[in-house]
Amino acid sequence: MKAIIVSPHDDVAVALQDLAAGELVDVGGDTVRLVTAVPAGHKVALRDKPAGADVLKYGCPIGRATADIPRGAWVHTHNLATALASHLDYRYGGAAAPLPAPGPGRSTFAGFRRADGGVGVRNDLYIVPTVGCINGMVDRMARQFWQGDGPFDSVIVARHPYGCSQLGGDLRATQQILRGLIRHPNAGGVLVVGLGCENNQIDQLREAGFDDQRVKFLVAQEVDDEYAAAAALLDELREAASADVRVEVPVSALRVGLKCGGSDGFSGITANPLVGAFADELVARGGSAVLTEVPEMFGAEQLLMERARDERVFTQIVELINGFKDYFTRHGSPISENPSPGNKQGGITTLEEKSLGCTQKSGTSPVVDVVGYGQRLRRPGLSLLQAPGNDLVSSTALGCAGCQIVLFTTGRGTPFGTFVPTVKISSNTALARRKPSWIDFDAGVVLDEPREQVVSRFTDLVLDIASGQPTRNELGGMSGIAIWKDGVTE
């Protein structure tokens, strides 16, 4: 097989390998002779398209032809452009159909039950600075404490550049993200360290309900020796976590973030639908899946709106999409300033095409809620989360919303990870073979193996990771956070 068609309504097929001009390609029951060379992951026209005509992929428009496109031609940025508009007139069409019952398979994983009812998939120690100017100091505290032994799986220092000279919404966003870290169930212990004079005061971060056996606070300017004070508090946290053990818990306790980065022409065909199948099964078992990257919903938002559980959720999705479009125009940026150069090199031409592929990660579940940036999940099922497309910003937001794991699909590859296990799923086998230290699962095999078998193997991997198997980002020591900034710095 040299090319694949996603929907029978499509005007294009996706090349599975580099194809030469003049080559005959069998696709969708038709034979097409290529009039130009087409790189792997890129699109070939299945029929003549005049300039100005919509071009369909995934059964939906991905843009308009900017020139006449003959059958058998390469379709990309030289002859296809976005047709995205700003605000559209969205109409509620009724509640989404419910999901079918879950299939056979594992129904539990081994996690850590927390006193507040949450379940962690790790027993990590978090050290959280309130302000960026003490990042080096908290790094030293971590080095002096961590010897690589129990009861903690690892020590994660939540370095960030903010907390000082922040005002209004930016300060509130920083505080919301840090509270999400402090309350995260993957943490067996948390040390929050402040300098003392910053805008982001420790007293503002404290919340009623923090477990004072598991969360400790230190203000460096209020002690003579901050390192000795930190060591004493960290010893208390170690003692509090000393009896933590994994126990079997139902899959319904799992909250998984859905993310992609460095996508290519295969992402919407292999890796993202695979993650979507997992998300549907998780939701059917009472768990939670969370889709974010709002700009990468533009062009596919109506498909998500059609899946709204009720009219209230439909209205929330409309406000989410229009609010993010307003954010772009407020800053003088076009809403279609996407895909990235790497996306284009991998075969993605327009934001519509990217979005239609990206949203495949959400499967077919009804959307039950829309969650604001820095907020926590409120109900099981599929939720949409307000956050930008930036990999670390949106992955951090997923973790702080309560996700214990992030599933991250990629066609180009990346070693990064956020503060929760970040499972890297490659859209193509070549990447998985070339970067085995980055990639946890090769979704390229979907093209050659029965889909049910691949979904079952992937599900087993995710539940193994939830039960303690380390991800590539964890083995490589790749963890971090990033906070979304929008406003003035004083």
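Here, residues in each chain are numbered from 1, in the same order as that chain's written sequence. Local features in a predicted model are, by the rule used here, given only for residues with pLDDT of at least 70; side-chain atom pairs are given and counted only at 80 or more, and totals for whole chains, interfaces and linings are based on all residues. In computing side-chain values, all of the structure's heavy atoms are included and hydrogens and water are not.

What follows is about the pattern of salt bridges. We define a salt bridge as a side-chain nitrogen of Lys or Arg found within 4 Å of a carboxyl oxygen belonging to Asp or Glu. Within this structure, the stated rule accounts for 29 salt bridges. Between aspartate 139 and arginine 159 there is a salt bridge whose closest N-O contact spans 2.7 Å. Of this pair, aspartate 139 sits in helix H1 (residues 135-145) while arginine 159 is found in the loop between strand E13 (155-157) and helix H2 (168-182), placing the two residues 20 residues apart along the sequence. Judged by its relative accessible area of 17%, aspartate 139 falls in the buried class. Salt bridges sharing common partners tie together Lys259, Glu293, Lys361 and Asp391. Here a strand is any run of E in DSSP of at least two residues, a helix any run of H or I of at least four, and the numbering for each starts at the N terminus. We call a residue buried when its accessible area falls under 20% of the maximum for its residue type, exposed when it is over 50%, and partly exposed in between, using a 1.4 Å probe and counting protein chains only.

All right, on to helix H9 (residues 351-358) then. The buried fraction of H9 is high, at 8 of 8 residues. Within H9, burial applies to Leu351, Glu352, Glu353, Lys354, Ser355, Leu356, Gly357 and Cys358.

With that out of the way, let us pick up helix H10 (residues 391-400). Burial of H10 is extensive: 8 of the 10 residues sit out of reach of the surface. Those residues of H10 lying buried are Val393, Ser394, Ser395, Thr396, Ala397, Leu398, Gly399 and Cys400. Contacts made by the buried residues of H10 are with H2, strand E17 (255-260), strand E18 (288-291), strand E20 (381-385) and strand E21 (405-410). The backbone nitrogen of leucine 392 lies 3.2 Å from a side-chain oxygen of the residue at the head of H10, namely asparagine 390. Looking at the residues trailing H10, positive phi occurs at glycine 402, about 120°. The contact definition used throughout considers only heavy atoms, calling two residues in contact when any of these lie within 4.5 Å. N or O atoms closer than or at 3.5 Å make up a polar contact, with two conditions inside protein: a donor-capable atom paired with an acceptor-capable one, and, for residues adjacent in sequence, both atoms drawn from side chains.

Okay, the pairing of strand E2 (residues 12-15) next. In terms of strand pairing, strand E1 (residues 3-4) meets E2 through 2 bridges, oriented antiparallel. Residue pairing for E2: isoleucine 4 is matched across the bridge by valine 14. For two strands to be treated as a pair, DSSP must find at least two bridges joining them.

Okay, unusual backbone geometry next. Cis rather than trans, the peptide bond between glycine 150 and proline 151 has omega equal to 5°. Along the chain, the position of proline 151 falls in the loop between H1 and E13. Unlike most non-glycine residues, serine 165 shows phi in positive territory, near 60°. Here serine 165 is to be found in the loop between E13 and H2. At glutamate 293, a position not held by glycine, the phi torsion is positive, near 65°. Inspection of the secondary structure assignment puts glutamate 293 in the loop between E18 and helix H6 (301-305). By relative accessible area, glutamate 293 is classed as buried at 2%.

If you look at soluble globular proteins, the nonpolar side chains tend to sit buried side by side. Remark: nonpolar core denotes a set of buried residues (Ala, Val, Leu, Ile, Met, Phe, Trp, Tyr, Cys) joined through side-chain atoms within 4.5 Å. With 93 residues, the main nonpolar core has Leu407 and Ile425 as its most contacted residues. When residues in this core are grouped by element, the largest group, 9 residues, is from helix H7 (residues 311-330). Those residues in contact with isoleucine 425 that lie beyond four places of it in its chain are Ala271, Leu274, Val275, Leu407, Phe408, Thr409, Thr410, Phe441, Ala443 and Phe458. Grouped together as the second largest cluster of nonpolar side chains are 23 residues, Met137, Val138, Met141 and Tyr227 included.

The topology assignment puts tyrosine 373 in the loop between strand E19 (367-371) and E20. The exposure class assigned to tyrosine 373 is buried, which follows from its relative accessible area of 8%. Taking the C-alpha atoms as reference, tyrosine 373 lies 28 Å from serine 467; in sequence the two are 94 residues apart. If we skip the residues at most four places from it in the chain, tyrosine 373 touches Ala173, Gln176, Ile177, Gln386, Ala387, Ala397, Ala482, Ile483 and Trp484.

Strand order in the open sheet formed by 7 strands is E19-E20-E18-E17-E21-E22-E23, and the pairing between neighbours is parallel. At either end of the open sheet lies a strand with only one pairing partner, and these are E19 and strand E23 (441-442). For E21 and strand E22 (residues 422-426), the ladder comprises 5 bridges, and the chain directions are parallel. Across the sheet, the residue bridging to leucine 407 is valine 423, located in E22. Along the sheet, H7 makes contact with E19 and E20, crossing E19 at roughly 40°. Interaxial angles span 0 to 180 degrees and are taken between N-to-C directions of axes, which are lines fitted to C-alpha atoms, for helices over the stretch in contact. Relative to E17, H10 is tilted by about 170°, and along the sheet it contacts E17, E18, E20 and E21.

Just geometry here; none of it tells us what the structure is for.
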